[in-house]
Amino acid sequence: MVRMIMFLICTVFAVQGAVAQESNPRFVRVQVDASFFDSGLFTYLKPRFTLKTQIRLERVLDGETDLIIVSGADTGIAFAQRDNTVWSVVATSHSGAQKFADWLTGQVGQTTITSFVPQTGSPFGVPTIDAAPVIDVVFQGDAARGYAAAKQKCARCHVVDNNRMNAIGSTPSFFVLRTFEDWALRMSGFYTLNPHPAFTIVEDVTDPFDPTRPSPIVPIIVTLDDIENIATYMQTLTPADLGAEIQHQ
Ligand code: HEC
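All of the points below concern the structure found in this document.

Definitions and cut-offs
Residues numbered from 1 in each chain as written. Predicted model: local features only at pLDDT ≥ 70, side-chain atom pairs only at ≥ 80, totals over all residues. Heavy atoms only, no water. Helix = DSSP H or I, 4+ residues; strand = E, 2+ residues; numbered from the N terminus. Donors = N, O, S within 2.8 Å, 3.2 Å for Na, K, Ca; no water. Tetrahedral: all angles 85-135°; square planar, octahedral: opposite > 155°, others 65-115°. Buried < 20%, exposed > 50% of the residue type's maximum accessible area, 1.4 Å probe, protein only. Salt bridge = Lys/Arg side-chain N within 4 Å of Asp/Glu carboxyl O. Contact = heavy atoms within 4.5 Å. Phe/Tyr/Trp six-rings, centres within 6.5 Å; stacked < 30°, edge-to-face > 60°. Lys NZ or Arg CZ within 6 Å of the ring centre and 35° of its normal. Arc of directions from axis to C-beta. Polar contact = N/O pair within 3.5 Å; in protein donor to acceptor, adjacent residues only side chain to side chain.

Examining unusual backbone geometry
Phase 1 of the analysis: The omega torsion across N194 and P195 is 5°, close enough to zero to call that bond cis.
Phase 2 of the analysis: In this fold, P195 is placed in the loop between α8 (183-188) and β6 (200-202).
Phase 3 of the analysis: Positive phi, close to 60°, is recorded for Q54, a residue that is not glycine.
Phase 4 of the analysis: Relative to the assigned elements, Q54 resides in the loop between α3 (41-53) and β2 (56-59).
Phase 5 of the analysis: Look at D83: it is not a glycine, yet its phi comes out positive at around 50°.
Phase 6 of the analysis: In this structure, D83 sits in the loop between β4 (77-82) and β5 (85-91).

This is how it looks when you write it as structure tokens:
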């Protein structure tokens, strides 16, 4: 009987807990890649993050999750590396999860990661592989619209989807552009970078073409919103794996 009552109490608490957690911005359910967890780094990061933010992290193995730490650089934002393994963070829109992702990829989190002394194995560093730059410029446009705009306005020359290298000749694909450390800068000002000034009109920004040098092709017309959206789309792309043969320009 006592056991039965205990069971009931526990069940009620568990259910209440689950419901409360659902909408609790101060409680983040995290799925952690097993090798990352086994290193002890997650356990080291947890209290340090919570101390700063009052947001609690709890490891879950499956089910409802607010944030995932995965191995590899193909998904999310790479934030830690050990030997040849990179880990990335993927956050849902949960505000606490977003804060943890920002922390992990920001100055404080990165310093905390490198200060960790594992019991066994190499220390962790910030990701150094080219394919996974830490993103510090975050575009907040509409990626779906950006994709549509890129297909309409850039795809004539650039490959903008399906992670292939090139569309025409030497024109870099969006996946190659995305590998540049300063991709965000180049993207924001692409219309000032050759060859684009000759054929690109940015509404309310660029001057009219010199009448003696008309656009060689039907002009590409974009708004600043289009550019923000295209950059937001590019931000979601997995950078091309350049291997050794193509160097950064
Ligand atoms: C008519 C062909 C053409 C179109 C259309 C075009 N581009 Fe390009 N773009 C190029 C070429 C060619 C390069 C490579 C220039 C180089 O390497 O010197 C380039 C390079 C770039 C670069 C890198 C520039 C640099 O110097 O690092 C960015 C960013 C870029 N394009 C963005 C865009 C976006 C965004 C659009 C669509 C709104 C677009 N481009 C449309 C031909 C085009």
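Read on for the rest.
Brief notes about the coordination of the iron atom of the ligand
Phase 1 of the analysis: Protein-derived coordination of the iron atom of the ligand comes from H158 (NE2) and H196 (NE2), at a distance range of 1.9 Å.
Phase 2 of the analysis: Taken together, the six donor atoms coordinating the iron atom of the ligand and their angles of 88 to 179° define a geometry best described as octahedral. Of this pair, H158 sits in the loop between α6 (143-153) and α7 (174-177) while H196 sits in the loop between α8 and β6, placing them 38 residues apart in sequence.
Phase 3 of the analysis: For H196, a relative accessible area of 15% puts it in the buried group.

Focus: the pattern of salt bridges
Phase 1 of the analysis: Taken as a whole and assessed by the stated rule, the structure comprises five salt bridges.
Phase 2 of the analysis: When the shortest N-O distance is used, the salt bridge between E64 and R29 registers 3.8 Å. Placement of E64 in the loop between β2 and β3 (67-71) and of R29 in strand β1 (residues 27-32) is noted, with a sequence separation of 35 residues between them.
Phase 3 of the analysis: A salt bridge links D66 to R29; the shortest N-O distance between them is 3.0 Å. Placement of D66 in the loop between β2 and β3 and of R29 in strand β1 is noted, with a sequence separation of 37 residues between them. No difference in accessibility class separates D66 from R29, as the two residues are buried.

Things to note about the environment of V222
Phase 1 of the analysis: With respect to the helices and strands, the residue V222 is situated in strand β7 (residues 220-222).
Phase 2 of the analysis: Judged by relative accessible area, which is 2%, V222 ranks as buried.
Phase 3 of the analysis: On a C-alpha basis, the gap between V222 and D204 in space is 9.9 Å, while along the polypeptide they are 18 residues apart.
Phase 4 of the analysis: Residues in contact with V222, not counting those within four places in the same chain, are K153, F190, T200, I201, V202, E203 and I227.

Observations regarding the packing of aromatic side chains
The description of an aromatic ring pair rests on the distance of the ring centres and on the angle between the ring planes.
Phase 1 of the analysis: Considering all chains together, one arrives at 13 aromatic pairs under this definition.
Phase 2 of the analysis: Between F190 and Y191, the aromatic rings sit 6.0 Å apart at their centres with planes inclined by 85°, giving edge-to-face as the arrangement.
Phase 3 of the analysis: Note on F190: relative accessible area 14%, which makes it buried.
Phase 4 of the analysis: Classification of Y191 as buried rests on a relative accessible area of 17%.
Phase 5 of the analysis: Members of the aromatic cluster, each reached through a chain of ring pairs, are F36, Y44, F79, W87, F116 and F124.
Phase 6 of the analysis: Taking NZ or CZ as reference, R48 lies 3.7 Å from the ring centre of Y44, over its face.

Side note on α6
Phase 1 of the analysis: Taken together, the buried positions of α6 are G146, A149, A150 and K153. The arc enclosing the buried residues of α6, seen along the axis, measures out at 100°, which places them on a common side. Among the exposed residues of α6, those pointing more than 90 degrees away from its buried face are A144 and Q152.
Phase 2 of the analysis: One side-chain oxygen of the residue at the start of α6 lies 3.0 Å from the amide nitrogen of A144, identifying that residue as D142.

Note that all results are geometric; they support no functional claim without further evidence.
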